[in-house]
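# Architecture at a glance
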Amino acid sequence: MTRTSNRTFWAAGTAVLLALLFAVAATVASASGDGDGSRTAARAPALYSPDAGFARDMAVHHQQAVEMSFIVRDRTKDEPVRGLAYDIANTQANQRGMLLGWLDLWGLPKVVADEPPMSWMGTSDEHGGHGAAGHGAAGHDMAGHDMGGATAKPGALMPGMATKEELAQLGAAEGRDAEVLYLQLMTDHHKGGVAMAQGCAEQCETPAERALAQGMVEAQQSELTLMADMLKQRGAAPRG
């Protein structure tokens with residue numbers, strides 16, 4: 001494994017550890033309430049707030065990254081790719097657990113039927129801040145935030161996510177073909193994830209969640225550099 005790989009894995013592992021610490025701190029702070037173990041509703045994010053929307057959407061986004069990583073580990077014996085896949089699966093599974101845990105802590109649902117994916121990216125403080133659930137036109141307008149060019153492709157739920165056809169293609173590939181496709185799909189996935197995490201880092205009000213989102217940005221940007229190098233080593237390049 002190269003020094004670059006070691007640095008990237010170390011950074012991602014550090015992000016997970018910090019995120020876990022942030023989650024514990026947030027849980028204790030929120031649970032403490034007024035000193036009697038209660039948590040007041042005013043301290044919880046609203047149903048359609050960026051805090052809640054990001055937690056729901058990124059949990060779904062992360063789940064696919066975990067799925068793709070498990071697929072490629074069965075399709076190649078290449079240790080660098082298998083190591084990267086393990087690292088991504090472990091990191092994002094942990095982060096997904098924290099996001100879902102926060103939703104439970106806030107007393108909010110993990111799925112909202114009338115909430116389009118990414119709608120929180122355009123949610124303003126007026127419509128989606130902390131306190132009572134708010135929902136207005138801004139809650140369904142993505143135009144309020146710069147997605148950095150990241151858009152959902154036809155057949156994909158959110159920016160960077162693979163389609164069912166691409167997942168089937170990955171599951172059918174072997175060896176170098178599987179490695180290249182995984183790295184390309186995960187590159188797209190990370191680009192979409194970085195745009196989403198940047199949105200939360202700018203819009204979310206919960207300090208621990210903002211810190212987690214910023215950690216995602218930094219770790220995934222580092223992995224994007226690593227994956228570009230790994231694709232180059234295999235005579236390939238990111239798509240698009």
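Since we're looking at a predicted model, the values are computed, not measured.

## Digging into the packing of aromatic side chains
Throughout the structure, instances matching the rule amount to two aromatic pairs. Ring geometry for phenylalanine 54 against tryptophan 120: centres 5.6 Å apart, planes inclined by 75 degrees, an arrangement best described as edge-to-face. Here the residue phenylalanine 54 occupies a position in helix α2 (residues 50-73), and tryptophan 120 occupies one in the loop between α3 (79-106) and α4 (125-128), the gap between them amounting to 66 residues. Taken individually, phenylalanine 54 and tryptophan 120 each receive the classification buried, so the pair is uniform in this respect.

## What about the environment of leucine 103?
In this fold, leucine 103 is placed in helix α3. Between the C-alpha atoms of leucine 103 and proline 45, which are 58 residues apart in sequence, the distance is 9.1 Å. Contact partners of leucine 103, with chain neighbours within four places excluded, come to Ala52, Ala55, Arg56, Leu108, Pro109 and Lys110.

## With respect to empty space enclosed by the protein
Across all of its chains, the model carries one cavity of 30 Å³ or more by this definition. By volume, the largest cavity amounts to about 50 Å³. In terms of lining, the largest cavity is formed by 10 residues, of which the most central are Thr91, Gln92, Ala219, Gln220 and Glu223. Per-element tally for the lining of the largest cavity: the top contributor is helix α7 (residues 207-233), with five residues. Partitioning the lining of the largest cavity into residue classes produces four nonpolar, five polar and one charged.

Rules behind the numbers
- Residues numbered from 1 in each chain as written.
- Predicted model: local features only at pLDDT ≥ 70, side-chain atom pairs only at ≥ 80, totals over all residues.
- Heavy atoms only, no water.
- Phe/Tyr/Trp six-rings, centres within 6.5 Å; stacked < 30°, edge-to-face > 60°.
- Helix = DSSP H or I, 4+ residues; strand = E, 2+ residues; numbered from the N terminus.
- Buried < 20%, exposed > 50% of the residue type's maximum accessible area, 1.4 Å probe, protein only.
- Contact = heavy atoms within 4.5 Å.
- 1 Å grid on protein atoms, 1.4 Å probe; cavity = no way out; pocket = protein on both sides within 12 Å on 5 of 7 lines; lining within 4 Å.
- Points joined across faces, edges and corners; volume = space filled by probe spheres on them.
- Nonpolar A, V, L, I, M, F, W, Y, C, P; charged D, E, K, R; others polar.

Everything listed is a geometric property; what it means functionally is a separate question.
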